[in-house]
Amino acid sequence: MRESPLRLSLLDYLGCRMGCVSLSDLHTLDRGQKLRLLYEVERLEPEDASLHEWNDALAYLTGQPPEADAEAAREKIRSYLAE
């Protein structure tokens, strides 16, 4: 298994990659920024963050309930960002 590239929580990592001053900036992304965030999520493997972190990101970004595994949470985030 490869070493996780994350040194921050998943949400903090995504916020940094997007250049957000505050995590709440992730709630105000325009269409182009959402596609850029989608690219960042797609670069990550489900095992790069814990299930808890994927579910936190899922809830924070989409308002959806938690999933049973990281891949499912990642896929729901991807679907939301691709809309």
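Residues numbered from 1 in each chain as written. Predicted model: local features only at pLDDT ≥ 70, side-chain atom pairs only at ≥ 80, totals over all residues. Heavy atoms only, no water.

**Some thoughts on the packing of helix α1 (residues 10–17) against helix α2 (residues 31–43)**
Taken N-terminus to C-terminus, the directions of α1 and α2 make an angle of 130 degrees; their axes are 10 Å apart at the nearest point. On the basis of their axis angle, the class for α1 and α2 is oblique. Viewed along their axes, α1 and α2 form a crossing whose handedness is right-handed. Together, Tyr 13, Leu 14 and Arg 17 of α1 and Arg 36, Leu 37, Glu 40, Val 41 and Arg 43 of α2 make up the contact between the two elements. Here the residues of the contact of α1 with α2 sort into four nonpolar, no polar and four charged. (Axes fitted to C-alpha atoms, helices over the stretch in contact; angles between N-to-C directions. Helix = DSSP H or I, 4+ residues; strand = E, 2+ residues; numbered from the N terminus. Parallel < 35°, antiparallel > 145°, perpendicular 65-115°, else oblique. Left-handed = near helix turned anticlockwise from the far one by under 90°. Contact = heavy atoms within 4.5 Å. Nonpolar A, V, L, I, M, F, W, Y, C, P; charged D, E, K, R; others polar.)

**Describing the packing of helix α3 (residues 51–62) against helix α4 (residues 70–82)**
Running from amino to carboxyl end, α3 crosses α4 at an angle of 25 degrees, the nearest separation of the two axes being 9 Å. Compared by their axis directions, α3 and α4 come out roughly parallel. Between α3 and α4 the crossing geometry is left-handed. Contact residues: Leu 51, Trp 54, Asn 55, Ala 57, Leu 58, Leu 61 and Thr 62 in α3; Ala 70, Ala 73, Arg 74, Lys 76, Ile 77 and Tyr 80 in α4. Along the lines of polarity and charge, the residues of the contact of α3 with α4 split into nine nonpolar, two polar and two charged.

**Comments concerning the nonpolar core**
Within the largest apolar cluster, 21 residues are counted, with the highest numbers of intra-cluster contacts made by Leu 10, Leu 14, Leu 26, Leu 37, Trp 54 and Ile 77. Of all the secondary-structure elements, those providing two or more residues to this core are α1, α2, α3 and α4. (Core = buried A, V, L, I, M, F, W, Y, C linked by side-chain atoms within 4.5 Å. Buried < 20%, exposed > 50% of the residue type's maximum accessible area, 1.4 Å probe, protein only.)

**A short note on the environment of Tyr 39**
The topology assignment puts Tyr 39 in helix α2. Counting along the chain gives 39 residues from Tyr 39 to Arg 78, while the straight-line C-alpha distance between them is 8.9 Å.

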